[in-house]
Amino acid sequence: MSSYAPPAATETPADPMSVPRLEVAAALLSLLRESTTEPRPDTQLEALTLAVSADLPVLLWGEPGIGKTAALTQLAASLDLPLTTVIASVHEPSDFSGLPVIGDDPAQQGVPMAPPEWAVRLVRAGRGLLFLDELSTAPPAVQAALLRLVLERRIGALRLPPAVRIVAAANPRSSAADGWELSPPLANRFVHLQWTHDHDVVVRGLGGTWPRATLPRLDPSKLPRAVDHARRAVCGLLAARPALVHRLPSGEGRRGGPWPSPRSWEMTLHLLAFATAAGSSREVLSLLVRGAVGDGPGLELLASLDRMDLPDPEALLADPDAALLPERGDLRQAVLDGVVEAVRNRPDKARWDAAWALMARALETGAPDLVVVPATGLAALRREEWDVPESIERLAGAVTLSRRADRATARAALATEGVR
Amino acid sequence: MSAAARTLDRDKLFAARLHAARVRPYLATALFALHTVESRQVPTMAVDRHWRCYVSPSFVDRTPEEELAAVWVHEVSHLLRDHHGRGDRVARERGLHGPGERLRMNIAADFEINDDAYGDGLVRPEGVAQPADAGLPEGQLMEEYLGQFGIGSATQHMAWLDCGSGADGLEREWDLGEDGAHGLTDQERDAVRFRVAQGIRGRPGRTPAGWKRWAEEVFHPPQPWRELLGAAVRSAATGSGAGEDYTYGRPSRRSAGVPGAVLPSLRRRPPRVCVVIDTSASVSDAELGSALLEVAAISRAVGGRRDLVTVVPCDAAAHVAHPLCRAEGIPLVGGGGTDLRTGFAKALRSAPRPDVVVVLTDGQTAWPATRPPCRTVVGLFARQGSYDEDDPDYAPDTPPAWARVVEIG
């Protein structure tokens, strides 16, 4: 019936067809291992690479089994660092704080704390990537010893060289078996990255094609500009919003997560400079900044970066005919508002005329409703002795539009009066 | 047909947007961030997940400005409320596939928006889908509505509805897709949402309740209290002084390798958990039951044996707590007054002393003045704010800073 025979029945060494069973298994395994790679942008891996390059302690939050270790292997290969993985939960505190070794005369010589073998190897190599896995399932005493390793880079009497980079991984609170969590001071020292799996990547990878991320490289020519940009962005925001400098997390829900403090803002400054020098996308920067200072302050920094990228109103006023206005409506209106504000701060006829030319240009190149509010503001700045410029004729469309909207507003107000 | 051949009346469309931005100033950023695309395939107006807005020229032609303004607000609400992302998640979780289910998602999303989007300067467009049409109450979320109606005679007239892939996550043939021009990236979408939420929180005066709730939750969704309570109890029970940790009480197994040195060894000491329950009338039986069951399950999971979990009902008539605890096999210790301070005192007087005290209350009580000598977790039943007829200025004390507080419900 079937050519398949149960293996137990065919165990006859004399059979010429028989190949040792483990060899067949090995052949099957090597077939299974065969896979190719394809280039694919990977924002979370790029963010991790930048944070590790910036020598900031990173904490990966992620459910077990979603490829944190695989990501670390790829990161180590791309940074050309040997990878040392230490599973925290199978160690004892003395493995990290040092094992006491008693010599001949402890009272005279003291008891040295001997480091474990992997640490000695790491120090001897002088460089490497140390991955502390399963941080959250280790008992509290082990975690306490580990945090000293992460923050002070000390293992017993040894000090890890600066070229050793440290990454830790933890399970989210909801799935952590014993509910370990970071206290606010410790959470403040890490860049928190949420590690998630991408459905498409997993399906394609199991099908035999894993992604190969092209990782960011720092451009040496961009370094001074990157530092300047990062300092301007962070200092600009904090000068305007002093409340953001230090804000302890409140509420049970935000416990153990990132929060803003001078320390984490300094980390943000470093991350911003690294992302700028590497030419990273806003998505990567968003992960990093929100991982360092938390969602709210992080989003505010990103929003103020958006505003920093907008064209300078003074430059636009200087040459309105060559002006390039942003395509996105909300940004375009922000630029026009900025122009009106600049004229209000230093009003003179030439600047006022230039601003009208800009309004006309905006009306020709984009949606007309955006121009209405800034144009109204600009008209209110007029002085008695200023003549109305010719370009204002081109704005007639915006005026009609505004009247049209007025009429619609009035009709709607009438119609909804009963509803209210 | 002449209407179909006409070009898009941009002035009318944008006058409507201006009107919308005037009556809903907090949505202006989002409205202006939309990129309009003229399309003859769209029945009316539709959005995609990249914040493009597809507009049918003939729809603009036949619709008055004030109604167009309402449609603008409706479409941008789909995007701000992330209906496509939530639709995808619901589809995965509940296994809802196919165009019919996506239409139901579109309708449910419309219900979520339409119950408080109109009025106050914005007209209600003709034939707009309302929860009442399907006999449903107002003020719920898309996910909640989804389970409560099917495509039938009541919703038949909504079958023409199509707010695009931005409303339900299903790609349409007119979509320009991810690589098309003028789409917003994830980060840009977040930034727009953030600015809108900031605007609402900054001037909450005339904003409808639905938008206020959205602004509160968009970047900080409400936390699942079960998980938080579990984490709080577990972390209190496993902290130093209780649970599993290193101790010098017995020599380590490794001591043989390091003669002469004293190494700590791993020992397990299960925590004693005492649950103080505020059984005053203001806490409903259902609330109490669910929370108490949760605490019992958690404390058993951290190694507390049944004899290590005790319950102190803090009221004479502890009707729920008694049967529940009998069923769960938890020994009950004493009764007590309605003042939580006596409950604390009773819990701490019990011998041996508990390692963790868990308090379940609605917070309308006095708290101990000093920190008790053990870890304290407070499960607080959410209340809208209390009002006392005799004393309008009365405000209950908030739980003290030394307790870990988890809001329940």
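- Chain B carries the name Metal-dependent peptidase in an unreviewed UniProt entry, which gives Streptomyces vinaceus as its organism.

- Naming follows an unreviewed UniProt entry, where chain A appears as AAA family ATPase of Streptomyces vinaceus.

## Structural notes on helix α2 (residues 10-23) of chain B
Residues and elements named next belong to chain B.
- Between its terminal C-alpha atoms α2 stretches 20 Å, which fits the 20 Å expected from 14 residues at 1.5 Å a residue.
- Of all 14 residues that make up α2, eleven are buried, and the element is covered over most of its length.
- Turning to α2, its buried residues number three or more, namely Lys-12, Leu-13, Phe-14, Ala-15, Ala-16, Arg-17, Leu-18, His-19, Ala-20, Ala-21 and Val-23.

## Points about the confidence of the model for chain B
Residues and elements named next belong to chain B.
- With 71% of its residues at a pLDDT of at least 70, chain B reaches an overall mean of 76.
- Across residues 1-5, where pLDDT falls below 50, the model places four contacts with residues more than four positions away in sequence or in other chains.
- Contacts for the low-pLDDT stretch residues 385-389, under 50 throughout, to residues beyond four places or in other chains number five contacts.
- The ipTM for the predicted assembly is 0.71, set against a pTM of 0.75.

## Details of the nonpolar core
- Judged by nonpolar contacts, the single largest core of 78 residues is most densely connected at A:Leu378, B:Leu27, B:Met45, B:Trp51, B:Trp72 and B:Leu80.
- The leading source of residues in this core is helix α5 (residues 65-80) of chain B, at nine residues.
- Beyond its immediate stretch of four places on either side in the chain, B:Leu80 contacts B:Leu27, B:Ala30, B:Trp51, B:Arg193, B:Val196, B:Trp211 and B:Trp214.

## Considering a nonpolar patch on the surface
- Side chains of A:Leu28, A:Leu29, A:Leu31 and A:Leu32 sit close together on the surface and give an oily, nonpolar patch of about 430 Å² of accessible area.
- Residue A:Leu29 is classed as partly exposed on the basis of its relative accessible area of 44%.

## Considerations on the pairing of strand β6 (residues 128-133) of chain A
Residues and elements named next belong to chain A.
- Most of β6 is tucked away: six of the six residues are buried.
- Sheet topology places strand β3 (residues 83-87) next to β6; five bridges connect them, and they run parallel. Paired with Val-86 across the strands is Leu-132, a residue of β6.
- Two elements, β6 and strand β9 (residues 164-170), share five bridges in a ladder whose sense is parallel. Bridge pairing in β9 links Leu-129 to Arg-165.

## With respect to the packing of aromatic side chains
- Applying the stated criterion across every chain yields a total of five aromatic pairs over all chains.
- Centre to centre, the rings of B:Phe111 and B:Tyr145 are 5.5 Å apart; their planes meet at 80 degrees, and the pair counts as edge-to-face. Of this pair, B:Phe111 sits in helix α7 (residues 99-117) while B:Tyr145 sits in helix α8 (residues 142-146), and the two are 34 residues apart along the sequence. Pair check on accessibility: B:Phe111 and B:Tyr145 agree, each one buried.
- One aromatic cluster in this structure is built from A:Trp352, A:Trp356 and A:Trp386.
- Note that B:Arg17 overlies the ring of B:Trp72, its terminal NZ or CZ placed 5.3 Å from the centroid.
- Above the face of the B:Trp211 ring, B:Arg81 is positioned so that its terminal group lies 4.4 Å from the ring centre.

## Quick word on the side chain of A:His192
Residues and elements named next belong to chain A.
- Here His-192 is to be found in strand β10 (residues 191-194).
- Residue classification places His-192 among the buried residues on the basis of a relative accessible area of 4%.
- There is a polar contact of 3.0 Å between the side chain of His-192 and the side chain of Trp-61.
- A polar contact is formed between the side chain of His-192 and the backbone oxygen of Ala-187, at a distance of 2.8 Å.

## Quick look at the environment of A:Val343
All names here are of chain A.
- Along the chain, Val-343 turns up in helix α15 (residues 329-345).
- Note on Val-343: relative accessible area 0%, which makes it buried.
- Put simply, Val-343 and Ala-355 are twelve residues apart on the chain and 7.7 Å apart in space, counted from C-alpha to C-alpha.
- Excluding residues within four positions of it along the chain, Val-343 makes contact with Leu-317, Arg-351, Trp-352, Ala-355, Leu-378 and Leu-381.

## Re the domain arrangement of chain A
- Structurally, chain A comprises domain 1 (38-101 + 111-211), domain 2 (220-308) and domain 3 (313-419).
- Between domain 2 of chain A and domain 3 of chain A, the C-alpha centre-to-centre distance is 33 Å.

## Description of unusual backbone geometry
- Phi is positive for B:Asp82, which is not a glycine, with a value near 55 degrees.
- You can see B:Asp82 is positioned in the loop between α5 and α6 (83-94).

## Quick look at the pattern of salt bridges
- Counted according to the given criterion, the structure contains 38 salt bridges over all chains.
- Linking A:Asp369 and B:Arg17 is a salt bridge whose minimum nitrogen-to-oxygen distance equals 2.5 Å. In this pair, A:Asp369 is assigned in helix α17 (residues 369-379) and B:Arg17 in helix α2, connecting two distinct chains. Across this residue pair, the class does not change: A:Asp369 and B:Arg17 are buried.
- One network of salt bridges, with partners in common, ties together A:Arg290, A:Asp295, B:Asp82, B:Arg89, B:Asp190 and B:Arg193.

## Some details on the sheet that holds strand β1 (residues 35-38) of chain B
Residues and elements named next belong to chain B.
- Read across the sheet, three strands follow the order β1-β3-β2 without closing on themselves; strand pairing throughout is mixed. Each having just a single partner strand, β1 and β2 (45-47) make up the two edges of the open sheet. On average, each strand axis in the sheet is tilted by 25 degrees relative to the strand beside it, whichever way the strands run.
- As defined by bridge partners, β1 adjoins strand β3 (residues 52-55) across four bridges and the pair is classed as parallel. Bridge assignment links Val-37 to a residue of β3, and that residue is Tyr-54.
- Relative to the sheet, α5 contacts β1, β2 and β3, its axis offset from that of β2 by approximately 20 degrees.

Thresholds, definitions, all that
- Residues numbered from 1 in each chain as written.
- Chains lettered and ligands numbered in written order.
- Predicted model: local features only at pLDDT ≥ 70, side-chain atom pairs only at ≥ 80, totals over all residues.
- Heavy atoms only, no water.
- Helix = DSSP H or I, 4+ residues; strand = E, 2+ residues; numbered from the N terminus.
- Expected span 1.5 Å × (residues − 1).
- Buried < 20%, exposed > 50% of the residue type's maximum accessible area, 1.4 Å probe, protein only.
- pLDDT = per-residue confidence, 0-100.
- Contact = heavy atoms within 4.5 Å.
- Core = buried A, V, L, I, M, F, W, Y, C linked by side-chain atoms within 4.5 Å.
- Patch = residues over 30% accessible without salt bridge, like charges linked within 9 Å, V, L, I, M, F, W, Y side chains within 5 Å.
- Areas by Shrake-Rupley, 256 points an atom, 1.4 Å probe, with all protein chains shown as cover.
- Salt bridge = Lys/Arg side-chain N within 4 Å of Asp/Glu carboxyl O.
- Pairing = 2+ DSSP bridges.
- Phe/Tyr/Trp six-rings, centres within 6.5 Å; stacked < 30°, edge-to-face > 60°.
- Lys NZ or Arg CZ within 6 Å of the ring centre and 35° of its normal.
- Polar contact = N/O pair within 3.5 Å; in protein donor to acceptor, adjacent residues only side chain to side chain.
- Domains from an automatic or database assignment.
- Axes fitted to C-alpha atoms, helices over the stretch in contact; angles between N-to-C directions.

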